[in-house]
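Read off the chains here:
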Amino acid sequence: MIKAILVFNNHGKPRLSKFYQYFPEDLQQQIIRETFHLVSKRDDNVCNFLEGGTLIGGSDYKIIYRHYATLFFVFCVDSSESELGILDLIQVFVETLDKCFENVCELDLIFHVDKVHNILSELVMGGMVLETNMSEILTRIEEQSKLEKSEGFGPWNLKSKG
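Residues numbered from 1 in each chain as written. Predicted model: local features only at pLDDT ≥ 70, side-chain atom pairs only at ≥ 80, totals over all residues. Heavy atoms only, no water.

In the annotation of an unreviewed UniProt entry, the entry for the protein chain reads AP complex subunit sigma, and the organism field reads Magallana gigas. Listed in UniProt under the heading Subcellular location (unreviewed entry), the comment for the protein chain reads: "Endomembrane system". Quoted verbatim from the Sequence similarities (unreviewed entry) field of the UniProt record, the comment on the protein chain reads "Belongs to the adaptor complexes small subunit family." (UniProt positions renumbered as here; feature names shortened; annotations may be inferred.)

**Student:** Just give me the short version of the packing of helix 2 (residues 83-101) against helix 4 (residues 113-123), but keep the residues and values in it.
**Tutor:** Direction vectors running N to C along helix 2 and helix 4 enclose 140 degrees, while the axes themselves pass 11 Å from each other. Between helix 2 and helix 4, the angle falls in the class oblique. Relative to helix 4, the crossing made by helix 2 is right-handed. Contacts from Leu89, Val92, Phe93, Thr96, Leu97, Cys100 and Phe101 in helix 2 reach Lys115, Val116, Ile119, Leu120 and Leu123 in helix 4. Tallied by class, the residues present in the contact of helix 2 with helix 4 amount to 10 nonpolar, 1 polar and 1 charged. (Axes fitted to C-alpha atoms, helices over the stretch in contact; angles between N-to-C directions. Helix = DSSP H or I, 4+ residues; strand = E, 2+ residues; numbered from the N terminus. Parallel < 35°, antiparallel > 145°, perpendicular 65-115°, else oblique. Left-handed = near helix turned anticlockwise from the far one by under 90°. Contact = heavy atoms within 4.5 Å. Nonpolar A, V, L, I, M, F, W, Y, C, P; charged D, E, K, R; others polar.)

**Student:** Please give an account of the state of the cysteines that cites residues and values.
**Tutor:** Evaluated as defined, the whole model comprises 0 disulfides. Not engaged in a disulfide, the cysteine Cys105 finds its nearest cysteine sulfur in Cys100; these two sulfurs lie 14 Å apart. Among the residues examined, Cys105 registers a relative accessible area of 35% and is labelled partly exposed. (Disulfide = S-S within 2.5 Å. Buried < 20%, exposed > 50% of the residue type's maximum accessible area, 1.4 Å probe, protein only.)

**Student:** For a nonpolar patch on the surface, give the residues involved together with the corresponding values.
**Tutor:** Side chains of Leu107, Ile110 and Phe111 sit close together on the surface and give an oily, nonpolar patch of about 320 Å² of accessible area. Considering the arrangement of structural elements, one finds Ile110 in helix 3 (residues 106-111). (Patch = residues over 30% accessible without salt bridge, like charges linked within 9 Å, V, L, I, M, F, W, Y side chains within 5 Å. Areas by Shrake-Rupley, 256 points an atom, 1.4 Å probe, with all protein chains shown as cover. Salt bridge = Lys/Arg side-chain N within 4 Å of Asp/Glu carboxyl O.)

**Student:** Tell me what's going on with the side chain of Asp108, and back it up with residues and numbers.
**Tutor:** Looking at the element boundaries, Asp108 is found in helix 3. Here Asp108 is buried and forms no salt bridge, its nearest opposite-charge partner Lys115 lying at an N-O distance of 9.2 Å. Here Cys105 takes part through its backbone nitrogen, which lies 3.0 Å from a polar atom of the side chain of Asp108. Filtering out sequence-adjacent residues up to four positions away, Asp108 remains in contact with Phe101, Asn103, Val113 and Val116. (Lys, Arg positive; Asp, Glu negative; His and termini not counted. Polar contact = N/O pair within 3.5 Å; in protein donor to acceptor, adjacent residues only side chain to side chain.)

**Student:** Can you break down the sheet that holds strand 4 (residues 61-68) residue by residue, with the values?
**Tutor:** Spatial strand order, 2-1-5-4-3: 5 strands in an open sheet with antiparallel pairing. Where the open sheet ends on each side, the last strands, each with one partner, are strand 2 (14-19) and strand 3 (49-51). Mean inter-strand twist for the sheet, computed between neighbouring axes without regard to direction, equals 15 degrees. Alignment of strand 3 against strand 4, held across 3 bridges, turns out to be antiparallel. Residue pairing for strand 4: Glu51 is matched across the bridge by Lys62. Sheet contacts for helix 1 (residues 25-40): strand 1 (2-9), strand 2, strand 3, strand 4 and strand 5 (71-78); angle to strand 1, the most-contacted strand, approximately 65 degrees. Against the sheet, helix 2 touches strand 1, strand 2, strand 3, strand 4 and strand 5, its axis set at about 35 degrees to strand 4. (Pairing = 2+ DSSP bridges.)

**Student:** So what's going on with the environment of Ile63? Residues and values would help.
**Tutor:** Inspection of the secondary structure puts Ile63 in strand 4. Along the chain, Ile63 and Asn48 lie 15 residues apart, while their C-alpha atoms are 8.2 Å from each other.

**Student:** So what's going on with the pattern of salt bridges? Which residues, and what values?
**Tutor:** Per the stated rule, a full pass over the model turns up 4 salt bridges. Here Glu136 makes a salt bridge to Arg140, at a shortest N to O gap of 2.3 Å. Highlighted residues: Glu136 and Arg140, both in helix 5 (residues 134-151), separated by 4 residues, approximately one helical turn. Here Arg140 falls in the partly exposed class, since its relative accessible area comes to 32%. Each of Glu136, Arg140 and Glu143 takes part in a single network of salt bridges with overlapping partners.

Right, here's the structure in full:
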C-alpha cells in the first residue's frame, strides 16, 4: 500500500504532499524533511529505492523516487508494493502531468495544485493504485475540465451558481 506521495524541489520545498495514512501535521513536515535528506544526498546513478526513514516506518517501508530536472517525485510504500511497479507509476504520473501542462514544471505544481491533485486521484486513491493507463487518465481529466467549464466553476470563474 502507498503511504505517502511527496513532490519537492531540489531545495526541499514541498510542492505536493498526499498522505494515505494519518500523521499529525508536524510529523508530516518532519517526514518530508527526512525524506528529502535521504533522497537528495544520493547520486543520480544509484538505485531509486531505499529503506524508509525512521519517521515513516523504518525497514518495513520503502522510499521509491525519481528525480526529474528540479523535482523529486517520491512514493513511500509498504513492503507489499513492487519497486518497479511504483517506478512505472511515477513515470505515468509525470508523463500525464507533461501532457496536461505541456512540459510540466515546478510552477505548474504551484499554480495548478487542484488539477495536480485531480490527476493524482485518478492514479491513486486511499493508497491503492486505481489506474495506470495514461490515455484513460487523460480522458477522465478532460471530462472533468469540460464539466467544470459547463457548470461555470474553475479558476477562471470564481462565482458560484445560486
